[in-house]
Every structure is written in structure tokens, then in C-alpha cells.
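# An overview of the molecular structure
For reference, the chains in residue letters:
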Amino acid sequence: MADTQAPYDAVAASYADQVRHLLDESPYERAVLEFSAALVTTAAAPAATRFPRR
């Protein structure tokens with residue numbers, strides 16, 4: 001698992017910076033994502049909380 005996780009971790013911060021404002025520029029895609037996330041929950045926390053409303 002560590003062999004797979006290390007490369008992902010290495011690029012995660014730069015990828016997050018590149019796409020951080022993507023949904024701000026795409027209100028319809030954000031709405032679909034929020035709707036879909038509202039339908040999915042996990043035992044730990046609702047998936048919808050990962051995309052806070054503005």
C-alpha cells in the first residue's frame with residue numbers, strides 16, 4: 001500500500017491547488033455534484049459535508 005500511496009501523496013497538494021476553484025467556475029457541475037453527494041453517505045460522515053455550500 002505504501003508503494004501506491006507515496007506517489008499519490010507527492011502530487012496531492014499541487015493537484016488540489018490546480019483544481020481548487022474549478023467548481024466555483026462551474027455552477028451547474030457543482031450543483032450536480034452536491035446533489036449526488038447528498039444521496040451518498042458513509043458511516044463516518046455525510047459525503048455532502050465535503051463540499052460546503054457557498
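Just above, that's the structure.
In this report, the structure presented in the accompanying data block is examined. (Residues numbered from 1 in each chain as written. Predicted model: local features only at pLDDT ≥ 70, side-chain atom pairs only at ≥ 80, totals over all residues. Heavy atoms only, no water.)

### What to know about a nonpolar patch on the surface
Just so we agree on the cut-off: The patches described consist of residues with a relative accessible area above 30% and no salt bridge, like charges being joined within 9 Å and nonpolar side chains (Val, Leu, Ile, Met, Phe, Trp, Tyr) within 5 Å. Per-residue accessibility takes into account occlusion by the displayed protein chains alone, with areas from the Shrake-Rupley method and a 1.4 Å probe. A carboxyl oxygen of Asp or Glu within 4 Å of a side-chain nitrogen of Lys or Arg is what we treat as a salt bridge. Numbered from the N terminus, helices here are DSSP runs of H or I no shorter than four residues, and strands are runs of E no shorter than two. Using a 1.4 Å probe on the protein chains alone, a residue whose accessible area is under 20% of its type maximum counts as buried, one over 50% counts as exposed, and one in between counts as partly exposed.
A cluster of nonpolar side chains, contributed by Phe-35, Leu-39 and Val-40, occupies part of the molecular surface with about 340 Å² of accessible area. Looking at the element boundaries, Phe-35 is found in helix H2 (residues 27-39). Take Phe-35: its relative accessible area is 56%, and that puts it in the exposed class.

### Regarding the pattern of salt bridges
By the definition in use, this model includes two salt bridges. For Arg-20, the salt bridge is made with Asp-17, and the minimal N-O distance between the two is 2.7 Å. The exposure class of Arg-20 is partly exposed, given its relative accessible area of 49%. Residue Asp-17 is classed as exposed on the basis of its relative accessible area, which comes to 51%. Residue Arg-30 pairs with Glu-34 through a salt bridge whose shortest N-O separation is 3.2 Å. Note that Arg-30 and Glu-34 are positioned in helix H2 at a spacing of four residues, about one turn of the helix. Both residues of the pair, Arg-30 and Glu-34, belong to the buried class.

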